[in-house]
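# Secondary and tertiary structure notes
Residues per chain, in single letters:
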Amino acid sequence: MDYEMRKIIGKGPHVPMYQLIVNNAPVGPLKQKPETSYDDDNKRLLSLDVKARAAIGNSLQYHVYHVVQNCESAHEMINMLTVAYEGIVEVHATTINNLNWRCKNFFAQQGKSLTQTFNRFSCLVNDMRRLGIVKHSTKLVLKFLDSLGKSWEQN
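Presented here is a report on the structure given in the accompanying data block. (Residues numbered from 1 in each chain as written. Predicted model: local features only at pLDDT ≥ 70, side-chain atom pairs only at ≥ 80, totals over all residues. Heavy atoms only, no water.)

Bringing a nonpolar patch on the surface into the picture now. A surface patch of nonpolar side chains, amounting to about 320 Å² of accessible area, comprises Tyr 18, Leu 20, Val 22 and Val 27. Element by element, the count of residues in the nonpolar patch is highest for strand β1 (residues 17-22), at three residues. Its place among the elements puts Leu 20 in strand β1. (Patch = residues over 30% accessible without salt bridge, like charges linked within 9 Å, V, L, I, M, F, W, Y side chains within 5 Å. Areas by Shrake-Rupley, 256 points an atom, 1.4 Å probe, with all protein chains shown as cover. Salt bridge = Lys/Arg side-chain N within 4 Å of Asp/Glu carboxyl O. Helix = DSSP H or I, 4+ residues; strand = E, 2+ residues; numbered from the N terminus.)

Have a look at this one:
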């Protein structure tokens, strides 16, 4: 993937434009060029969006691909995936708050094994890391040990 492709994914596909020039001065608004007047650079930039869409589509599992299969640009695909799997800014902030609350109030559930409790805690920590919430490993170990309760204390 090159810089131009990253730019197209981030900002949207290249749209070749032109503006009428009268007496060496631009007149009127920009208009989209007809396909017959695309130059080689326009064609190259347009093909980057096609390549980016293919790269994104090919990297997705089938059950995820259906979310973006009707998108018309790589930029639209990324936006759709972001909303579907991370959510908009408000959802993202709510998710972070929820994860912090779940970590703070984490406890071992009665009748669950140590392995099951550890797996649940590990999933919570991984979700937090994915969203940029970093906690020192010492604090995490202490939190996990504190969550076990009296049934796990040595006699």
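Before going further, it helps to examine the pattern of salt bridges. Tallying each qualifying case throughout the model produces two salt bridges. Two residues, Arg 53 and Asp 49, come together in a salt bridge whose shortest N-O distance is 3.3 Å. Of this pair, Arg 53 and Asp 49 both sit in helix α2 (residues 40-59), four residues apart, which is roughly one turn of the helix.

Right, let's talk about unusual backbone geometry for a bit. In this structure, Asn 23 takes a positive phi of about 55 degrees despite not being glycine. Of note, Asn 23 is situated in the loop between β1 and β2 (25-32). A positive phi angle, near 60 degrees, is found at Asn 24, a position not held by glycine. When you line up the elements, Asn 24 lands in the loop between β1 and β2.

Geometric descriptors of this kind do not, in isolation, establish any biological role.
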